[in-house]
Amino acid sequence: MAYQKQLERIKNSSGFIAALDQSGGSTPKALENYGVNGDAYDNDEAMFDLVHEMRARIMTCEPFDNERVLGAILFEDTMEREVNGKPTANYLWEDKNIVPFLKVDKGLAERVDGVQSMRPMPNLDLLLDKAKKYPVFGTKMRSVVYEPSADGIELVVQQQFDVAKQILSKGFMPIVEPEVNIDSAKKQDCEFLLKADILRNLDRLNDDQQVMLKLTLPEEAGFYQELIEHPKVLKVVALSGGYSRSEACDRLKKNPGMIASFSRALTEGLSKQQSDDEFATKIDSSIGEIYEASKV
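These remarks concern the structure in this document. Along each chain, numbering runs from 1 in the same order as the chain's sequence is written. This being a predicted model, a pLDDT of at least 70 is required before a residue's local features are given, and a value of 80 or more before pairs of side-chain atoms are given or counted; all residues contribute to the totals for chains, interfaces and linings. The side-chain values count all of the structure's non-hydrogen atoms but skip hydrogen atoms and water molecules.

The next point concerns helix H12 (residues 276–295). Over its 20 residues, H12 runs 28 Å from end to end, which matches the ideal 28 Å to within 8%, given 1.5 Å per residue. For each residue, the accessible area found with a 1.4 Å probe, counting protein chains only, is set against the maximum for its type, and the residue is called buried under 20%, exposed over 50%, and partly exposed in between. In this text, helices come from DSSP runs of H or I with a minimum length of four residues, and strands from runs of E with a minimum of two, each type numbered from the N-terminal end. Residues of H12 that are buried: Phe279, Ile283, Ser286, Ile287, Gly288, Ile290, Tyr291, Ala293 and Ser294. Contacts: residue pairs with any heavy atoms within 4.5 Å of one another. The secondary structure elements touched by the buried residues of H12 are strand E1 (16–20), helix H3 (44–60), strand E2 (69–74), helix H10 (245–253), strand E11 (259–260) and helix H11 (264–267). Multiplying one less than the number of residues by 1.5 Å gives the expected span of a helix.

Pasting the structure below:
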């Protein structure tokens, strides 16, 4: 029952998806940007306590509302913690009507042939079974493309769709995320190869299967329109990829039909040292800017 309601919400409602899924490797930088330096914690447990505190502050803040925020992507550790006395995914869905997603990848493999594919996920089925205990709608997994290598990009996309089929078989909506690095010297060439491979893999899905796509904002405005309109794509969302919030929003406005799924661009300017009122004012402004860019 929850899945169908969540599906309708993602399909038909306006808004964007908040990426609150920084994991082990990216957490120190996220905390540093939030004004929490490495000397504030001695081990991973303490680090994850602090980043959960940051995420809970965002999620419970009044401006983080279902009028503008469609969904939120969680790290496994976040899913297993509580917000306001409830499991995080339950709090988001039951209290805020915000659709929870779960990051399922285990990080990136070494760079080979111009790409970083995903590390093996031997325990993916166990993680998905764990997610079934919560109102989790979908998943997210990330690879990165740096160079226009036909073989490398084909490998990344094929791996993404192979895992997506495993996720679909478990009853979840996969977000396929083959990110193109924004600093690639041949970013547009990467995007041409990537779109062609995505289209080939979409055509191999069964007629009753859909995925979501999370893509870097393209160099050519409207470049992913064919993917946005594809019957096997529920929604195309954009990652900020290191662009500032202002630039990410400007680029997003040039790509009607895409919505934001920002991480760093969402939390930009937030600080542990801010008062609750200052924090709420800042995040309200950020959410408003991203929401408006996602409406175009």
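Here a cavity denotes grid points, spaced 1 Å and computed from the protein atoms alone, that fit a 1.4 Å probe unable to get out, and a pocket denotes an open set having protein on both sides within 12 Å along at least 5 of 7 lines; residues with an atom within 4 Å of a point are the lining. Grid points are joined across faces, edges and corners, and a volume is the space filled by probe spheres set on the points. Put simply, the largest pocket is a space of about 790 Å³. Surrounding the largest pocket, 34 residues form its lining, Asp21, Gln22, Ser23, Ser26 and Arg142 being those nearest its centre. Broken down by secondary-structure element, the contributors of at least two residues to the lining of the largest pocket are helix H2 (27–33), strand E7 (138–145), strand E8 (173–180) and H11. For the lining of the largest pocket, the leading source of residues is H2, giving three residues. For this scheme, ten residues count as nonpolar: Ala, Val, Leu, Ile, Met, Phe, Trp, Tyr, Cys and Pro. Four count as charged, namely Asp, Glu, Lys and Arg, and the remainder, Gly too, count as polar. Taken together, the residues of the lining of the largest pocket break down into 10 nonpolar, 11 polar and 13 charged.

Turning to the pattern of salt bridges, a few remarks are in order. Any Lys or Arg side-chain nitrogen found within 4 Å of a carboxyl oxygen on Asp or Glu counts as a salt bridge. Under the definition given, this model contains 25 salt bridges. For the salt bridge of Asp65 with Arg68, the shortest nitrogen-to-oxygen distance reads 3.5 Å. Between Glu219 and Lys187 there is a salt bridge; the shortest N-O distance is 2.8 Å. Taken together, the residues Glu219 in the loop between strand E9 (211–216) and helix H9 (225–228) and Lys187 in helix H8 (residues 187–203) connect sequence positions 32 residues apart. Taking the relative accessible area as the measure of exposure, Glu219 reaches 39% and is therefore partly exposed.

Geometric descriptors of this kind do not, in isolation, establish any biological role.
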